[in-house]
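Structural overview for review
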Amino acid sequence: MTCLLFSQLLPSALTHNLHNAPSICKSSRSLYHPLVKKYWGSTCAISLPRIRSFASNSSVEATRVMQSMTSPVSISYLTQREAAEIDEILMGPLGFSVNQLMELAGLSVATSIAEVYKPSEFNRVLAICGPGNNGGDGLVAVRHLHHFGYKPFVCYPKRTAKPLYTGLVTQLESLAVPFLTVGDLPSDLSKDFDILVDAMFGFSFHGAPRPPFDDLIQKLVYLHECNQTRQKSSVIVSVDIPSGWNVEEGDVAGEGIKPDMLVSLTAPKLCAKKFSGPHHFLGGRFVPPSIVEKYKLHLPPYPGTSMCVRIGKPPQIDISALRENYISPEFLEEQVEANPIDQFRKWFDDAVAAGLKEPNAMCLSTVGQDGKPSSRMVLLKGIDKDGFVWCTNYESRKAHQLSENPGASLLFYWDGLNRQVRVEGSVQKVSDKESEQYFHSRPRGSQIGAIISKQSTIVPGRHVLYQQFKELEEKFSDVNLIPKPKSWGGYKLKPDLFEFWQGQQSRLHDRLQYTPQEINGRQVWTIVRLAP
């Protein structure tokens, strides 16, 4: 939806939809451990806006071919030979370099991790990297994880001397990412790390792992066994293949790594059918249509601009255990603006700068004569010194309630910043001139949609709306200015209370409330702190 203002424009960045990848949080975890403190100094996790995943749009044909359910049963699985052939084609006639594929693979791993394990909860990451391409994917993932707000460490015991790999090491060293020897690692990895990234061996590996990787694999096996008896545990993320598994047959002896997350690259390998952990993702959004068709691949479509897609359903979650341990800067009385409108603008600008999706979305709550409240999400379309503006149908349920009771409240929630703002006040219609001005700034499709929608009334079916839309499209095809319906226009809420909320650790949230008070014939805003 586009966002224009009446008396003042919102930032132009809001004229396009912004997309974020959702995040799922787990239980709060302590960061105060000696190994982390030794290398990083401060052990406080950094609160960042949600990670924004990105990729170029795939072609229409690729999207058509790749449409599929995300059920593991309907997904294609590659043999070891097919995986090798696809790599050769990608880096041969299709013109990809190993550098490109490694960068895309590592980014896919990092975004998959960020989808499930938030840096505020699972902050300390150890990537165990092997000497081949799988290890390179792990090194790239570490770089991205660092920029995503995690505190990564690397164990890279058999370094590869090729420029590609030495360059990746140099990049991580420039970010002050610590490199640990095998001897530096504790016997129980869970004491110092929240996430263990298994990037030792990929699909080209044959035979039995040799030192020191055999012992490193056993550390991960032991970690899984210990996790069964702990209330809080570290998680294992395997890159493409759980190290030590047979690429096609999986964990044959049943004594190998049992990862919590598997990030398959390009397409899942046959061994992924034996994966029983809660989180299976596909990454590497670079498979062209020619390969999809040649190998008759059935791969799930990637959502939006994401670099990863979940395979299968997410695990069942205990709703009562879902909680966030917010980590935010202090929000103090002496730091805020004297006028709440100015403070709102400041926070709103932060939400826009953070790239949050539709920061102008707000929950509007109204109550009619019957005393029954109702709420719905609407979009802020303007703000000035007198209040907040949105537009709607004047015959909708909310409009009828506002005609009976002009008192209403707005709620803005900016998850990525751990912030929300509550505004209460009285509502009145804006002038016809303002409504007309905004109506004609909307796309023609939105204008026609506003005309055909008798909001909150019963519709026989969606086909009725399509038919009416088509008829009006034809009717107004030669009309430059579509007339605004009388039943459509703007409302403005004039605030008499603001509350600014910022999440903090241990539920000790900041709540600052503004209320108007007349002093010496002049209205000023009084600021008080409320208990969380």
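The rules we used
In this numbering scheme, every chain counts its residues from 1 along its sequence in written order. With pLDDT at 70 or above as the cut-off, local features in this predicted model cover only qualifying residues; side-chain atom pairs require 80 or more to be listed or tallied, and sums for whole chains, interfaces and linings still use all residues. By convention in this description, side-chain values take in all heavy atoms of the structure and omit both hydrogens and water. UniProt positions are given in the numbering used here, feature names are shortened, and annotations may be inferred rather than shown by experiment. Strands are runs of DSSP state E lasting at least 2 residues, helices are runs of H or I lasting at least 4, and numbering of each runs from the N terminus. The cut-offs for exposure are 20% and 50% of the maximum accessible area for each residue type, with area from a 1.4 Å probe on protein chains only; residues under the lower value are buried, those over the upper are exposed, and the others partly exposed. Residues count as neighbours in contact if any of their non-hydrogen atoms are within 4.5 Å of one another. Here the Shrake-Rupley method, with its probe set to 1.4 Å, supplies the accessible areas, and only the displayed protein chains count as covering residues. Here the nonpolar core consists of buried residues drawn from Ala, Val, Leu, Ile, Met, Phe, Trp, Tyr and Cys, with membership extended through side-chain atoms lying within 4.5 Å. Whether two strands pair depends on DSSP finding at least two bridges between them. Axis definition: a line fit to C-alpha positions, over the contact stretch in the case of helices; interaxial angles, taken between N-to-C directions, run 0 to 180 degrees. Pairing of aromatic rings covers Phe, Tyr and Trp, the last through its six-membered ring, and needs centres within 6.5 Å; plane angles under 30 degrees mean stacked, over 60 mean edge-to-face, and all others mean tilted. Orientation is classified from the angle alone, with under 35 degrees giving roughly parallel, over 145 giving roughly antiparallel, 65 to 115 giving roughly perpendicular, and any other angle giving oblique. For any helix crossing, the convention is left-handed if the near helix is rotated counterclockwise from the far helix by under a right angle, and right-handed if that rotation is clockwise. Charged means Asp, Glu, Lys or Arg here, nonpolar means Ala, Val, Leu, Ile, Met, Phe, Trp, Tyr, Cys or Pro, and polar covers whatever is left, Gly included.

If you check an unreviewed UniProt entry, the protein chain appears there as NAD(P)H-hydrate epimerase from Hevea brasiliensis. Recorded under Sequence similarities (unreviewed entry), the UniProt text for the protein chain is reproduced unchanged: "Belongs to the NnrE/AIBP family." One UniProt comment on the protein chain, placed under Function (unreviewed entry), says "Catalyzes the epimerization of the S- and R-forms of NAD(P)HX, a damaged form of NAD(P)H that is a result of enzymatic or heat-dependent hydration. This is a prerequisite for the S-specific NAD(P)H-hydrate dehydratase to allow the repair of both epimers of NAD(P)HX."

The next subject is the overall build of the protein chain. For the protein chain, the helix and strand inventory stands at 13 helices and 17 strands. For the protein chain, buried positions account for 51% of its 532 residues. A fraction of 73% describes how many contacts in the protein chain between residues 6 or more apart in sequence connect residues 24 or more apart. Accessible surface, the protein chain: about 25,500 Å² in total, of which carbon and sulfur atoms supply 53%.

The next subject is the nonpolar core. Formed by 41 residues in total, the largest nonpolar core has its most connected members in Ile113, Tyr117, Val154 and Ile195. Secondary structure elements with two or more residues in this core: α4 (98–116), β1 (124–129), α5 (133–147), α6 (163–174), β4 (195–199), β5 (235–239) and β6 (261–265). Ranked by the residues each element gives to this core, the list is headed by α4, at eight residues. In this structure, Val154 is in contact with Leu126, Ala127, Cys129, Leu139, Val142, Leu172, Val177, Pro178, Phe179 and Leu180, ignoring residues within four places of it in sequence. Counting 35 residues, the second largest nonpolar core, distinct from the first, contains Phe331, Val336, Tyr394 and Phe412.

The next thing to look at is the sheet that holds strand β2 (residues 151–155). As summarised here, the arrangement of the eight strands in space is β3-β2-β1-β4-β5-β6-β7-β8, forming an open sheet in which the pairing is mixed. Only two strands of the sheet have a single neighbouring strand rather than two, namely β3 (179–180) and β8 (308–310). Taken together, the three bridges between β5 and β6 define a ladder with parallel strand orientation. Across the sheet, the residue bridging to Ser238 is Leu262, located in β6. Here α4 sits on the sheet in contact with β4, β5, β6, β7 (279–283) and β8, set at roughly 150° to β6.

Okay, the packing of aromatic side chains next. Throughout the structure, instances matching the rule amount to 23 aromatic pairs. Seen from their ring centres, Trp347 and Phe500 are 5.4 Å apart, and the 90° between their planes marks the pair as edge-to-face. Pair noted here: Trp347 is in helix α9 (residues 340–353) and Phe500 is in strand β15 (residues 488–502), with a separation of 153 residues, a long-range link. Taken together, a centroid distance of 6.0 Å and an interplanar angle of 50° make the contact between Phe388 and Phe498 tilted. Of this pair, Phe388 sits in strand β12 (residues 387–393) while Phe498 sits in strand β15; the two residues are 110 residues apart in sequence, bridging distant segments of the chain. Of the two residues, Phe388 and Phe498, neither departs from the other in class, the shared state being buried. Each residue in the set Phe331, Phe344, Trp347, Phe348, Phe388, Phe412, Trp414, Phe498, Phe500, Tyr514 and Trp525 is aromatic and connected to the rest through ring pairs, giving one cluster.

Take the UniProt feature "binding site: K(+)" (unreviewed entry) in the protein chain next. UniProt's entry tags Asn134, Asp198 and Ser243 with the feature "binding site: K(+)" (unreviewed entry), counted in the numbering of this structure. The named residues occupy 110 residues along the chain; their greatest pairwise C-alpha distance, 9.8 Å, places them in one compact cluster. Here Asn134 is to be found in helix α5. Given the relative accessible area of 7%, Asn134 is considered buried. Other than its neighbours up to four places away in sequence, Asn134 contacts Asp198, Ala199, Met200, Phe201, Gly202, Val239 and Asp240. Within the secondary structure layout, Asp198 lies in strand β4.

Outside of glycine, negative phi angles account for most residues, and trans bonds account for most peptide bonds. The step from Pro211 to Pro212 runs through a cis peptide bond, and the omega angle for that step is 0°. For Pro212, the location among the structural elements is in the loop between β4 and α7 (213–227). Within the chain, Glu358 stands out as a residue other than glycine whose phi angle is a positive 40°. Assignment of secondary structure puts Glu358 in the loop between α9 and β9 (361–367).

The next point concerns the packing of helix α12 (residues 444–452) against helix α13 (residues 462–475). Helix packing geometry: the angle between the two helix axes and the distance between the axes. Viewed as axis vectors pointing N to C, α12 and α13 meet at an angle of 120°, and their least axial separation amounts to 10 Å. The angle between α12 and α13 places the two elements in the oblique class. When you trace α12 past α13, the crossing you get is right-handed. On α13, the residues touching Gly445, Ile448, Gly449, Ile451 and Ile452 of α12 are Leu465, Gln468, Phe469, Leu472 and Glu473. Grouping the amino acids of the contact of α12 with α13 by side-chain chemistry returns six nonpolar, three polar and one charged.

Relative to each other, α5 and α6 sit at 25°, their axes nearing to 10 Å. Relative to α6, the element α5 lies roughly parallel. Crossing angle aside, the handedness with which α5 passes α6 is left-handed. Judged by residue contacts, Asn133, Gly136, Leu139, Val140, Val142 and Arg143 of α5 engage Tyr165, Leu168, Gln171 and Leu172 from α6. Class assignment of the residues belonging to the contact of α5 with α6 gives a composition of six nonpolar, three polar and one charged.

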